[in-house]
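# Results of the structural survey
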Amino acid sequence: HTVEFTCGGWGTNTRMGTPWNPWDMNRALTPGGSSSGSGVAVAAGMAPWAIGTDTGGSVRIPSSWCGLTTLKTSAGRISNYGMLRQSQTLDTPGPMASCADDVALLYHVIAGPDSCDRRTLGLPETVPYAGSSKDIAGLKIACMPQHERTGVAAWVLDAYDRSLDTLRGLGAEIVTIDLPFTFAQMMDLCGYIMAIESYANLREQVDNTSLPLDEDVRIRIAQGRGITASDYLSALAERDEWIRKFDQVFRSFDALVTPTTLTTAVPLEDADQTTSPAHFTRFVNYLDLCAVAMPNGVDGGGLPTSVQVVCQRYAEAMALRIAVAYQRDTEWHLRHPEIAP
C-alpha cells in the first residue's frame, strides 16, 4: 500500500490500511510516505529491495523511519514512463534497500535513457557500478546552518552530529555554510508546485465528491484548484532562478548533509495530516538535486534515525560514494527490527 495518489508524507492510507512500521509491533507508528508499503516490506525482510517514487521525500521519509538506505535520483535519471503522475516536474523514482551497495546495484539496473520519457535523453552518463570507492578523503562536506537545528528532536541531532564526526574521521572536511534559503521556505515553494500539478493530473477524481477518496488527500490536492496558468508559469520561473542561484553555492562543496526527518517515527494517532514531515527533503526535489538517506543511529526507544547526503544534479555517484564510505565505517544499516513469528 501507498498513500492514495502518493500524496502524503506520513504514510497513512485510511481506506486500504496503513502499512505497519515493523520497528514496533505493539503500537502503530508512522511508516513514512508516500512509498510506505515499499519501505515496510524491505524493513520487515519481505523483499530485499523496492522501488518507490519521490516528489518531496516519498522514498527518503519511509527509509528514515524504517531504517533503510535509499537514493533520491535527479529528474530523468530513471524513467517515469508508466508511473501515476503526481508532479511531472518533481517526480523521480528511486531504489530502497538495506545498504548503499544494494541501492547502487539496483540504481544502475534501472537508470538510463528511455525513448518513452524524453527527460531521460541526453543526460550525462551514469558511472558504472563496480563497488563504489570508500575513499572520501579530501571531499568538502557542508553541514546545515546552526539556525536550522531548531525544532529537530534531540536524538536526531545527536545522531547527525556523530555522523559528521564519522565523515570527518574518514578524511572529509566539514564546513559550515550560509544557505540562500531556509528549508521551510523551500518546503512551501515545492508544495506549491506539487499542489498545482497534482490537481491538474487528478482533478476529475478530487472534484467528484462521490468517490471514496481519503479526505486528507483530497484537501491536499485541492489546494491547486483556482491557481492560474500565470501563477503556475511564474512558479516554474522562480524555481529556475533558485536552481541557478543554488548551483553557484554548491560549487564550493561536494555534498550537503542534513537529518532526513525532524523526528523518528511517531505514533500513528499523532500524525498531523495538516502538516508534512518533509521539512528536510522537499528542497532536494525543488532544486532538482540527488540525495541518499541512510540510518545513522537510534532514539531512546530504539527507533532508527537517518541522515541525508545531498549532492548536485546528476551526481548520484558522489552521493553513493559518501554513503558507502560511511556504511563501511558504521553498522547502523545492519540493524533490523525484531518481528515475532
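The sections below set out a description of the structure shown in this document. (Residues numbered from 1 in each chain as written. Predicted model: local features only at pLDDT ≥ 70, side-chain atom pairs only at ≥ 80, totals over all residues. Heavy atoms only, no water.)

### Notes on the nonpolar core
If you look at the biggest cluster of nonpolar residues, it comprises 65 residues, and the most contacted ones within it are Phe-181, Phe-246, Leu-256, Phe-283, Leu-287, Cys-311 and Ile-322. At 8 residues, helix H9 (residues 316-329) tops the list of elements feeding residues into this core. Among residues more than four places away in sequence, those in contact with Ile-322 are Ile-136, Leu-139, Ile-141, Leu-167, Ala-255, Val-309 and Cys-311. Grouped together as the second largest cluster of nonpolar side chains are 10 residues, Trp-10, Leu-29, Val-266 and Ala-278 included. (Core = buried A, V, L, I, M, F, W, Y, C linked by side-chain atoms within 4.5 Å. Buried < 20%, exposed > 50% of the residue type's maximum accessible area, 1.4 Å probe, protein only. Helix = DSSP H or I, 4+ residues; strand = E, 2+ residues; numbered from the N terminus. Contact = heavy atoms within 4.5 Å.)

### Overview of helix H1 (residues 36-43)
Of all 8 residues in H1, 8 are buried; the element is thus mostly enclosed. Among the residues making up H1, those that are buried are Ser-36, Gly-37, Ser-38, Gly-39, Val-40, Ala-41, Val-42 and Ala-43. Looking at the packing, one finds that the buried side of H1 touches strand S1 (49-54), helix H2 (60-66) and strand S3 (92-97). Once H1 ends, the next one or two residues include Gly-45, with phi positive near 80°.

### Comments concerning the pairing of strand S4 (residues 140-143)
It is a general feature of regular strands that their side chains alternate between the two faces of the sheet. Across 4 bridges, S4 lies against strand S5 (residues 173-176) in parallel orientation. Bridge assignment links Ile-141 to a residue of S5, and that residue is Ile-174. Bridging between S4 and strand S6 (residues 255-259) involves 3 bridges; their strand directions are parallel. Bridge pairing links Ile-141 to Ala-255 in S6. (Pairing = 2+ DSSP bridges.)

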